[in-house]
Amino acid sequence: MDRRDLLTIGEVAARSGVSVPTVRFYEEKGLIASTRTAGNQRRYSRHTLRRIAVVRAGQRFGLTLAELAEAFAVLPHDRPPTKRDWIRMSRRWHDLLTERIEAMKRVRDGLTDCIGCGCLSLATCPVYNADDALSREGPGPRRWPAGARSSVAGSRPGGSGGAD
């Protein structure tokens, strides 16, 4: 590889829009890799910029760094990934992202009525939680994003609203 094809950590940070500590952090997490000069300075291949772009996009869409690192494990570190490499990597995310998209749609579509939290404070709550039955399943929202059941044991508020 030509030395002119290698970027300093500052160049990578400036070109990718992340800070130098973030570049180091991504390297520590195995998302990107560098080589070292004789003076022990980091140098990055130009294709590192694409990896960082994918990391930032993945995070924006809810992927964790661990999920990103797992997917990146199929990409070569010693050469720029080919189109086939990127396709192979993206297949690993397909089902995960599809599941998250469907969960977000359920939340989006349900927000106009309530968020299924069990607070019982909405007079028109579409998911009546009689006697706070959902609390037996643990803390947090019990209806979303998993399991979009329409009622607890068929109970509905019957227009009378719930307890505050």
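Attention here is on the structure that accompanies the text. All of these numbers come straight from a predicted model, not from anything done at the bench.

So, on to the pattern of salt bridges. Here the structure, examined in full by the defined rule, presents six salt bridges. Between Asp-5 and Arg-46 there is a salt bridge; the shortest N-O distance is 4.0 Å. Of this pair, Asp-5 sits in the segment before strand E1 (6–7) while Arg-46 sits in the loop between strand E3 (42–45) and helix H3 (48–60); the two residues are 41 residues apart in sequence, bridging distant segments of the chain. The class for Asp-5 is partly exposed, based on a relative accessible area of 36%. What makes Arg-46 partly exposed here is its relative accessible area of 39%. Each member of the salt-bridge network shares a partner with another, and the members are Arg-79, Asp-85 and Arg-88.

Counting 23 residues, the largest nonpolar core has Val-23, Phe-72 and Met-89 as its most contacted members. Secondary-structure elements contributing two or more residues to this core are helix H1 (9–16), helix H2 (20–28), H3, helix H4 (65–72) and helix H5 (83–110). Not counting residues up to four positions away in its chain, the partners in contact with Met-89 are Val-54, Ala-71, Phe-72, Val-74 and Leu-75.

On the secondary structure map, Ser-16 appears in helix H1. The class for Ser-16 is buried, based on a relative accessible area of 14%. Residue contacts for Ser-16: discarding those within four places in its chain leaves Leu-49, Ile-52 and Arg-56. A polar side-chain atom of Ser-16 sits 2.7 Å from the main-chain carbonyl oxygen of Val-12.

Their axes nearest at 10 Å, the elements H3 and H4 cross at an angle of 140°. Classed by the angle they form, the pair H3 and H4 counts as oblique. Crossing angle aside, the handedness with which H3 passes H4 is right-handed. Of the residues in H4, those touching H3 at Arg-51, Val-54, Val-55, Gly-58 and Gln-59 are Leu-65, Leu-68 and Phe-72. Class assignment of the residues belonging to the contact of H3 with H4 gives a composition of five nonpolar, two polar and one charged.

Bringing the packing of aromatic side chains into the picture now. In this structure the tally under the stated criterion is two aromatic pairs. Ring centres of Phe-25 and Tyr-26 lie 6.5 Å apart, and the angle between their planes is 50°; on these two criteria the pair is classed as tilted. A relative accessible area of 33% means that Phe-25 is categorised as partly exposed. When its relative accessible area of 5% is taken as the criterion, Tyr-26 is described as buried. Between Phe-72 and Trp-86, the aromatic rings sit 6.4 Å apart at their centres with planes inclined by 80°, giving edge-to-face as the arrangement. A residue pair is termed long-range when its members are at least 10 positions apart, and Phe-72 in helix H4 and Trp-86 in helix H5 qualify at 14 residues. The buried category is assigned to Phe-72, whose relative accessible area is 1%.

Rules used throughout
- Residues numbered from 1 in each chain as written.
- Predicted model: local features only at pLDDT ≥ 70, side-chain atom pairs only at ≥ 80, totals over all residues.
- Heavy atoms only, no water.
- Salt bridge = Lys/Arg side-chain N within 4 Å of Asp/Glu carboxyl O.
- Helix = DSSP H or I, 4+ residues; strand = E, 2+ residues; numbered from the N terminus.
- Buried < 20%, exposed > 50% of the residue type's maximum accessible area, 1.4 Å probe, protein only.
- Core = buried A, V, L, I, M, F, W, Y, C linked by side-chain atoms within 4.5 Å.
- Contact = heavy atoms within 4.5 Å.
- Polar contact = N/O pair within 3.5 Å; in protein donor to acceptor, adjacent residues only side chain to side chain.
- Axes fitted to C-alpha atoms, helices over the stretch in contact; angles between N-to-C directions.
- Parallel < 35°, antiparallel > 145°, perpendicular 65-115°, else oblique.
- Left-handed = near helix turned anticlockwise from the far one by under 90°.
- Nonpolar A, V, L, I, M, F, W, Y, C, P; charged D, E, K, R; others polar.
- Phe/Tyr/Trp six-rings, centres within 6.5 Å; stacked < 30°, edge-to-face > 60°.

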